[in-house]
Structure formats: structure tokens, C-alpha cells
Amino acid sequence: MARTTLTRFLIEQQRKADVLPGELRLLIETVARACKTISHSVGKGALGEVLGSLDSENVQGEVQKKLDVIANELLLDANEWGGHLAAMASEEMETIYPIPNRYPKGEYLLLFDPIDGSSNIDVDLSVGTIFSVLRAPEACAGRDVTEEDFLQGGRSQVAAGYAIYGPQSILVLSIGTGVYEFTLDREVGSWIMTDADMKMPQGKCEFAINMSNRRQWSPGIARYVDERVLGAAGPCGKDYNMRWTASMVADVHRILKRGGIFMYPYDDRTPGKAKLRLMYEANPMSYLIEQAGGAATDGFIPILDAEPTALHQRIGVVLGDKAEVEIVTAYGREAEVAA
Ligand code: P6P
């Protein structure tokens with residue numbers, strides 16, 4: 001059977017013109033090409049002098065890994081000249097990145113976390129790139145793009161996806177017509193479709209959370225996790241497994257492929273009482289999870305309904321198996337009433 005490349009898939013989607021305008025197809029192909037280059041850099045490891053940290057911190061106050069900056073530069077360089085974008089925003093940059101005047105401007109905004117899970121780089125665990133595409137407001141046509149132009153709710157995304165750099169390099173993408181997976185054929189340099197219209201398995205007993213934060217959780221989260229740790233002997237009546245990779249891309253990919261629930265809930269420890277960022281982590285992942293038949297909330301409301309107020313704002317994340325997410329929401333509401 002002829003292998004479907006990313007390019008072929010996108011051209012076929014473009015033929016359904018209302019689904020994929022040409023400019024958006026070219027943007028996605030550009031991002032995918034940059035992810036191939038990032039995959040190559042990640043794969044070099046210590047041989048490519050891409051490991052280790054810099055003396056700098058990013059806007060989040062986190063020490064930057066060399067690969068954070070390398071991947072950020074790769075994505076900026078690949079996307080700034082093509083004419084598809086009005087501006088870009090990245091976890092690694094405090095302010096937005098307007099397209100330089102020497103290049104044509106387009107109608108889309110690209111947001112990304114260039115290397116998510118970067119603390120895993122030095123110990124050879126999977127990391128990834130997360131991206132989200134919005135339309136630039138029409139008002140941008142006659143003026144410079146501002147941060148406010150990016151502050152659109154998650155349901156305004158026109159495309160979202162991630163690349164995961166693990167034993168394989170895999171690109172997972174949605175343009176609103178389902179979730180599609182492509183595996184990098186390193187010999188040819190093409191993204192080859194390896195899963196189509198993905199629907200995440202439901203009813204699987206596997207949860208992902210950083211248990212060391214137990215003391216910081218709200219009562220609803222604590223109740224949900226404690227019950228699952230009790231397993232069949234407890235109120236939920238069945239045994240659960242736990243996984244935590246400290247790389248959102250790897251945890252979400254596992255959930256898309258084999259089900260379960262991922263939680264990085266609000267807590268009392270981190271600034272803004274949450275760790276994950278809304279615009280370029282939670283929104284794109286929630287878009288994919290909903291497209292694959294799952295649910296994604298901040299523990300109370302759908303993440304895609306959250307109204308952004310700042311480019312780097314954080315949000316609690318509970319996503320994956322619909323029934324499990326609903327239990328977490330119910331426990332959260334019961335705890336609020338009891339308080
Ligand atoms: P912790 C990686 O830094 C990240 O942003 C996500 O990819 C991951 O889910 C989370 O933070 C891990 O956080 O506190 O367990 O190290």
C-alpha cells in the first residue's frame with residue numbers, strides 16, 4: 001500500500017478547501033520540517049554538544065537547556081520568512097516575536113514550546129515540541145501584532161500538534177478533522193502516516209501525576225488519587241497503574257495510544273498555583289485530546305473554554321479518559337461544597 005506522507009495527507013485535506021487553506025498547509029509543513037531538524041539535534045546528544053544547561057533563565061524562571069534555545073531558534077528561523085505568519089510566541093521568549101519587516105506577513109499566529117520536558121534531555125528520556133496555530137485577528141492587518149492578539153481561547157485554534165523525540169520521532173497533528181500520527185522515516189526524511197483518526201481508548205486504569213506533590217493538592221484531587229492507590233480494595237473497586245515521565249508530550253502520547261488520565265492540577269506551591277502553560281501546552285494538548293474523544297479540564301471547566309489573560313499564564317490540567325476526568329470534576333465540586 002502506498003505510504004501516506006504528511007505532505008500527501010495535507011494536500012488531500014486541502015482539497016476539502018474549507019478544512020485546510022493553502023497557507024495553513026504550508027505552515028504545518030514548515031513546522032514539521034523544523035521538528036525533523038530538532039529530532040536530529042536531540043538524537044546527537046552529547047556528540048552534538050546539545051546537552052546541559054546555559055547560565056540563562058527563561059521567562060518562567062527556569063534554567064534553559066542548550067536544546068531549549070537551539071530548538072527555539074530553529075523554529076523561529078524556519079517560520080519567519082514563509083509569509084504564513086503575522087507573529088510567533090514561545091515558552092522561551094518573554095514577548096511575542098513579530099515577523100521582521102523584510103519578510104511577507106500572513107494571517108496565522110504560531111505558538112510553541114520548543115522542547116517540552118527538557119529536564120529529561122540529559123538522561124536520554126523522551127522530550128517533545130508542542131505547537132498551536134491561531135488566526136491573527138483581522139485588525140492586525142493594519143498594525144503591529146500585539147500580545148493581546150494571541151489571547152484567544154483554545155477553541156479558536158485552527159491546528160495543534162506535537163512532535164515526540166523518543167525511540168521513534170513521531171508527529172501527532174489535528175486540523176479539526178481528527179488526530180493523525182506520522183512517524184519519521186529517517187532514511188528518507190519523510191513523516192509517514194502510522195495512525196489515522198486516532199480515538200483514545202476509554203476505561204483504562206492508568207493515571208499519571210507527580211505523587212511527590214500530594215501535600216499540595218486540593219481535596220478533590222487527593223481523594224481521586226488516594227482511591228486509585230487503594231485499588232480493588234478501595235471505593236473504586238479496581239486496581240490502577242501509575243506512570244509519570246515528567247514530559248507532558250510523552251504522557252499525553254501514551255494516553256492517546258492506550259488511554260488513562262494525566263493530571264498536573266492546581267496546587268499551592270507553584271506561581272499562579274499551576275505549572276503547565278495554557279497557550280502552548282494545555283490548549284494544544286486539550287485540542288488533540290478532545291479531537292480523539294477524550295476530555296480536558298482544569299479540574300473544573302474545559303480548558304478550551306478558559307479565557308486567556310496573559311501569554312504565559314498557567315493552568316491546572318486534568319485530561320484523558322472522559323469518565324475519569326468527570327470523576328475528578330465531581331470530586332472537586334463536592335469538596336468545594338463541603339468546604
Ligand atoms: P515535574 C516539563 O518541565 C513539564 O512542563 C511537563 O512536560 C511535565 O508534565 C511537567 O513539567 C513535569 O513537572 O514537576 O513532575 O517535574
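Just so it is clear, the structure is predicted and the values come from calculations on it, not from any experiment.

The rules behind the values
- Residues numbered from 1 in each chain as written.
- Predicted model: local features only at pLDDT ≥ 70, side-chain atom pairs only at ≥ 80, totals over all residues.
- Heavy atoms only, no water.
- Pairing = 2+ DSSP bridges.
- Helix = DSSP H or I, 4+ residues; strand = E, 2+ residues; numbered from the N terminus.
- Contact = heavy atoms within 4.5 Å.
- Axes fitted to C-alpha atoms, helices over the stretch in contact; angles between N-to-C directions.
- Buried < 20%, exposed > 50% of the residue type's maximum accessible area, 1.4 Å probe, protein only.
- Near = heavy atom within 4 Å.
- Polar contact = N/O pair within 3.5 Å; in protein donor to acceptor, adjacent residues only side chain to side chain.
- Areas by Shrake-Rupley, 256 points an atom, 1.4 Å probe, with all protein chains shown as cover.
- Nonpolar A, V, L, I, M, F, W, Y, C, P; charged D, E, K, R; others polar.
- Patch = residues over 30% accessible without salt bridge, like charges linked within 9 Å, V, L, I, M, F, W, Y side chains within 5 Å.
- Salt bridge = Lys/Arg side-chain N within 4 Å of Asp/Glu carboxyl O.
- Expected span 1.5 Å × (residues − 1).
- Parallel < 35°, antiparallel > 145°, perpendicular 65-115°, else oblique.

S.K.: Describe the sheet that holds strand β4 (residues 97-98), naming the residues involved and giving the relevant values.
M.R.: With respect to topology, eight strands assemble into an open sheet ordered β4-β3-β5-β6-β7-β8-β9-β10, the strand pairing being mixed. Both edges of this open sheet fall to β4 and β10 (190-195), since each of them pairs with a single strand only. Relative to strand β8 (residues 169-174), strand β7 (residues 159-165) runs antiparallel, the two being bridged by six bridges. Across the sheet, residue Y165 finds its bridge partner in β8, namely S169. Contacting β3 (85-90), β4, β5 (108-116) and β6 (127-135), helix α3 (residues 66-79) crosses the sheet at an angle of about 155° to β5. The strands touched by helix α7 (residues 278-291) are β3, β5, β6, β7, β8 and β9 (179-185); relative to β6, the strand with the most contacts, the crossing angle is about 85°.

S.K.: Tell me about the pairing of β6, residues and numbers included.
M.R.: Of all nine residues that make up β6, eight are buried, and the element is covered over most of its length. Of the pairings in the sheet, the one linking β5 to β6 comprises seven bridges and is antiparallel in character. For D116, the partnering residue across the bridge sits in β6 and is G128. Here seven bridges tie β6 to β7, and the two strands are oriented antiparallel to one another. Within β7, the position partnered with I130 by the bridge is Y162.

S.K.: Outline the site of the ligand, supporting the account with residue identities and numerical values.
M.R.: Contacts to the ligand come from 13 residues, most closely from D116, N210, W244, M248 and Y264. Here an oxygen atom of the ligand and a side-chain polar atom of N210 are 2.8 Å apart. One of the backbone N or O atoms of M248 is found 2.7 Å from an oxygen atom in the ligand. When the free accessible area of the ligand is taken as 400 Å², the share hidden by the protein chains comes to 84%. Of the residues that constitute the shell around the ligand, the class distribution is six nonpolar, three polar and four charged.

S.K.: Tell me about a nonpolar patch on the surface, residues and numbers included.
M.R.: Taken together, the side chains of M211, V229 and M242 define a hydrophobic patch exposed on the protein surface, amounting to about 240 Å² of accessible area. In this fold, V229 is placed in helix α5 (residues 219-230).

S.K.: An account of the pattern of salt bridges is requested, with residue identities and associated values reported.
M.R.: As enumerated under the stated definition, the model contains 19 salt bridges in all. Across the pair E290 and R155 runs a salt bridge, and its minimum N-O distance is 2.9 Å. With a gap of 135 residues between them, E290 in helix α7 and R155 in the loop between α4 (147-150) and β7 connect regions that are remote in the sequence. Taking the relative accessible area as the measure of exposure, R155 reaches 46% and is therefore partly exposed. The closest approach of N and O atoms between R254 and E206, which form a salt bridge, is 3.4 Å. Residue R254 is found in helix α6 (residues 248-258), and its partner E206 is found in strand β11 (residues 206-208); the two are separated by 48 residues along the sequence. Neither R254 nor E206 differs from the other in exposure class; each is buried. Shared partners join several salt bridges into a network, and the residues in it are R223, E227, R228, E324 and E334.

S.K.: With reference to specific residues and values, describe unusual backbone geometry.
M.R.: One non-glycine residue, D197, lies in positive phi territory at about 45°. You can see D197 is positioned in the loop between β10 and β11. We classify D197 as partly exposed; its relative accessible area is 40%. Positive phi, normally seen in glycine, also occurs at A246, with a value near 60°. Turning to its location among the elements, A246 is positioned in the loop between β12 (241-242) and α6. Judged by relative accessible area, which is 39%, A246 ranks as partly exposed.

S.K.: So, α5: which residues are in play, and what are the values?
M.R.: Here α5 contains twelve residues, and its C-alpha end-to-end distance of 16 Å stays within 8% of the 16 Å for a straight helix at 1.5 Å per residue. Along α5, the positions that sit buried rather than exposed are G220, I221, A222, Y224, V225, E227 and R228. Close packing links the buried residues of α5 with β11, β13 (261-264), β15 (317-320) and α8 (322-338). Once α5 finishes, G231 follows within two positions and takes phi at roughly 65°, a positive value.

S.K.: Outline helix α2 (residues 22-44), listing residues and values.
M.R.: Between its terminal C-alpha atoms α2 stretches 34 Å, which fits the 33 Å expected from 23 residues at 1.5 Å a residue. Just downstream of α2, G45 is the residue with a positive phi angle, here 55°.

S.K.: I'd like to hear about the packing of α6 against α7, residue by residue, with values.
M.R.: Between α6 and α7, the least distance of the axes is 11 Å, while the angle of their chain directions is 10°. Our classification of the angle between α6 and α7 gives roughly parallel. Note on element contacts: α7 touches α6 through E281, M285, L288 and I289, opposite M248, V249, V252, I255 and L256.

That's the geometry; what it means functionally is another story.
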